[in-house]
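Observations on the three-dimensional arrangement
Residue-level listing of the chains:
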Amino acid sequence: MKKHLVMAVVPFLALGCGDDFKDENGDGIADGVREPDNVTVVTPATPKGTVSGQVLGTDLKPLADASVEITIGSSDEPLAGTTDAKGNFEFKGVPAGSQVLLTFTKTGYATLRATSEVPSSAGNVPINNANVSFGPVTLTRLDGSLRFLLVTPQGRPAANVRATLEASPAGTVVLKNSDDTTSVVSTVVVEATSDEQGVLLFQNIPTAQELARFTNQTGQYRLWVAPTDSNGDGVPEINGYVDTYTAASVVASSTTRILNLPASQTNGQSLSVEGSNVAMLRGAANGEPLRNMVRPGEPIYLYFNQPIQQNSLFARLTDEYAKESLPVTVAIGNGGYSATITPGASTVQAGKEYNLSVRAVSVETGSIYDRTAFFFGGDPGSGTPVTIVEGRYQETLIPPAVQNLNDGEKVYLTFSAPVWSPFGLGDGRRVQVFFEDVNNDGVPGNVVGELGNPNGFPLTIDEPTSPYVTRANQPERPVFQIDTSDYSSRYSFIYTSGNPSAPYPAFQPNNVRLVVAFSALGNRAINETYQSIWGQPITGNLTVNGITVQPATLPAP
């Protein structure tokens, strides 16, 4: 048994250790060996392979002069080449078993990277001249753009907001080798920052048309909007936003999209305002003053859900009394998706109420946006205490013998800013007004309406919807019909004893002191407290010295 074993091994050693075996034809088998029965004889000393392929555009036409770099294993120095007129490339002599990374680039096209392994064996037998075929390699052109309008949650342009857009797939590769066939995809990632108008523009990306056609309508754009901390206090005012848009949907609709951060955008309905610093323009239910506050010198911003026709925007502005038109200019931007209404210099003042009428016509549907809204001048974070700036009584006698305040005449009180009343007409809990001496007898508090008496004149909100009446039968009309806000700088009370047989005496109130006794309401719940437009409760007494006259209405001519 041992002798037979030795005789079997010796020929094997002789063949494996010889120095005369050659492989000049490179077929992986020693020359002159017809029936190889020894692995050493048929194994190449350093097996190598070829990496090749073809590069095309999405129109399936060859891309000549495209750069192709191949990185072999962990090598720091890639090999470089270019495609020929037919888009072909080839790298020979690549060590078998190597991991290779190919990078395809061409000016104006997306960059694509793909990896594979050069085969080193066929089954259990090592081979030479193994081939990895990258093909076809398809690259997309980078001649498209995508545009967004970013709006803050407060309805203002979201400026200096960073965002990233990913377009995929921007190219494809089909790998063919002896082991498997695998598809590899590429993406294009672009960053941008919104400008002062909130415009976010991504350029040098695949067009929606090419991406949709090339990928059989499976291509998409994915958007990431970063949270924004504009004042650097560590708390983002704008939350991050993520959304995906199919290339097919971008083809079918506008490439300009409005993003109310952090909410999403919806289109396809009647023309409406989806973002504005005057919330009333978005819907009548948004009447809270702090949501309808415009800083002095600031424009009024409007962001529509669809583009409006050029020159179709019409805006009128008036104050709380609607007596006269105030100057405004209008401008349409971003292809009709946004507009600004700019009041004249020094027109909007802090603590004043204004009314705005806006009309516009949709480009897409022809629908009309027509809304009247109120807003307040001021900064939500900078409220000022409310005072009484004027007392005025309405004269009823024509002509009066003497301009006196008579029993039954109305007295108007004008506050420095609009005030909300929790009590309606007839509610006995309303704040009361007192004179220092109604009957001029020098005895304080001995009649209703005098300081020191528990009962005064109930104060009622007298919010105007038109100017003061100065002409009987032909009263002044508002410049346009305005809406009430339930906040008003004008309140009133009736100077009366309530007893026709014992009326209060007439007197000249030009030097009299008048007190609105807010403190007498005591400690009430917040919903039973008079408040300013900044939400500040009014709990201290307010006074005014002297009451001027509002002339009686003139008879009709």
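Conventions used here
Residues numbered from 1 in each chain as written. Predicted model: local features only at pLDDT ≥ 70, side-chain atom pairs only at ≥ 80, totals over all residues. Heavy atoms only, no water. Helix = DSSP H or I, 4+ residues; strand = E, 2+ residues; numbered from the N terminus. Buried < 20%, exposed > 50% of the residue type's maximum accessible area, 1.4 Å probe, protein only. Contact = heavy atoms within 4.5 Å. Areas by Shrake-Rupley, 256 points an atom, 1.4 Å probe, with all protein chains shown as cover. Pairing = 2+ DSSP bridges. Axes fitted to C-alpha atoms, helices over the stretch in contact; angles between N-to-C directions. Salt bridge = Lys/Arg side-chain N within 4 Å of Asp/Glu carboxyl O. Core = buried A, V, L, I, M, F, W, Y, C linked by side-chain atoms within 4.5 Å. pLDDT = per-residue confidence, 0-100. Polar contact = N/O pair within 3.5 Å; in protein donor to acceptor, adjacent residues only side chain to side chain. Phe/Tyr/Trp six-rings, centres within 6.5 Å; stacked < 30°, edge-to-face > 60°.

1. With respect to the overall build of the chain
- The helix and strand inventory of the chain stands at four helices and 34 strands.
- Here the chain, with 557 residues, has 44% of them falling under the buried criterion.
- Within the chain, contacts between residues at least 6 apart in sequence are counted, and of these 67% link residues at least 24 apart.
- Summing over all exposed atoms, the chain offers an accessible surface of approximately 27800 Å²; the carbon and sulfur share of this is 50%.

2. Concerning the sheet that holds strand E24 (residues 368-377)
- If you walk across this open sheet you meet the four strands as E18-E24-E23-E20, and the pairing is mixed. Single-partner strands in this sheet number two, and they are strand E18 (293-294) and strand E20 (314-319).
- Pairing geometry for E20 and strand E23 (residues 353-361), over six bridges, is antiparallel. Each residue of the ladder has a partner; that of Arg316, found in E23, is Ser357.

3. So, the sheet that holds strand E13 (residues 199-205)
- Reading across from one edge, E13-E10-E16 is the order of the three strands in this open sheet, with mixed pairing throughout. For this open sheet the edge positions go to E13 and strand E16 (256-260), each flanked by a neighbour on one side alone. On average, each strand axis in the sheet is tilted by 25° relative to the strand beside it, whichever way the strands run.
- Relative to E16, strand E10 (residues 144-151) runs parallel, the two sharing five bridges. If you follow Phe148 over to E16, its bridge partner there is Arg257.

4. Let's talk about the pattern of salt bridges
- Applying the stated criterion across every chain yields a total of 13 salt bridges.
- Between Arg141 and Glu210 there is a salt bridge; the shortest N-O distance is 3.7 Å. Of this pair, Arg141 sits in the loop between strand E9 (130-139) and E10 while Glu210 sits in helix H3 (residues 208-214); the two residues are 69 residues apart in sequence, bridging distant segments of the chain.
- In this structure Arg141 comes out as partly exposed when scored by relative accessible area, which is 30%.

5. Considerations on the nonpolar core
- Phe435, Phe493 and Tyr495 are the most contacted members of the largest nonpolar core, which totals 62 residues.
- If we ignore the near neighbours within four places in the chain, the residues touching Tyr495 are Leu405, Asn406, Asp407, Gly408, Glu409, Val411, Phe435, Val438, Phe457, Tyr504, Pro505 and Phe507.
- Ala170, Val188, Phe202 and Ala208 belong to the second largest nonpolar core, which has 29 residues in total.

6. Quick notes on the confidence of the model for the chain
- Mean pLDDT over the chain works out to 83, with 83% of the residues at or above the 70 mark.
- Every residue in residues 1-19 is under pLDDT 50, and counting partners more than four places away or in other chains gives five contacts.
- pLDDT under 50 marks residues 122-126. Its contacts with residues more than four places away, or in other chains, come to five contacts.

7. A short note on the side chain of Ser367
- Along the polypeptide, Ser367 turns up in the loop between E23 and E24.
- Side-chain polar atoms of Ser367 contact the backbone nitrogen of Leu271, separated by 3.0 Å.
- In contact with Ser367, not counting residues within four places along its chain, are Ser270, Leu271, Ala360, Val361 and Ser362.

8. Overview of the side chain of Ser362
- Along the chain, the position of Ser362 falls in the loop between E23 and E24.
- Residue classification places Ser362 among the buried residues on the basis of a relative accessible area of 0%.
- Beyond its immediate chain neighbours, meaning those up to four positions away, Ser362 contacts Leu271, Gln306, Pro307, Ile308, Gln309 and Ser367.

9. So, the environment of Val68
- Inspection of the secondary structure assignment puts Val68 in strand E2 (residues 67-72).
- Take Val68: its relative accessible area is 1%, and that puts it in the buried class.
- Sequence separation of Val68 and Phe89 is 21 residues, and the distance between their C-alpha atoms is 7.7 Å.
- Sequence-distant contacts of Val68, that is, excluding residues within four places in its chain, are made with Leu79, Ala80, Gly81, Thr83, Phe89, Phe91, Leu102, Thr103 and Phe104.

10. Looking at the environment of Thr372
- Along the chain, Thr372 falls in strand E24.
- Each C-alpha atom, one on Thr372 and one on Phe480, is 9.0 Å from the other, the two residues being 108 residues apart in sequence.
- Setting aside residues up to four positions removed in sequence, Thr372 forms contacts with Met280, Leu356, Ser357, Phe480, Gln481, Ile482 and Asp483.

11. Section: the packing of aromatic side chains
- Within the structure shown, the criterion is met by 22 aromatic pairs.
- Look at Phe415 and Tyr491: their rings are 5.4 Å apart centre to centre, the planes differ by 85°, and that puts the pair in the edge-to-face class. With a gap of 76 residues between them, Phe415 in strand E26 (residues 409-420) and Tyr491 in strand E30 (residues 487-495) connect regions that are remote in the sequence.
- Take Phe415: its relative accessible area is 1%, and that puts it in the buried class.
- Judged by its relative accessible area of 0%, Tyr491 is buried.
- When the centroid spacing of 6.0 Å and the interplanar angle of 75° are considered together, the rings of Phe435 and Phe457 count as edge-to-face. With Phe435 in strand E27 (residues 432-435) and Phe457 in strand E28 (residues 457-458), this residue pair connects regions lying 22 residues apart in the sequence.

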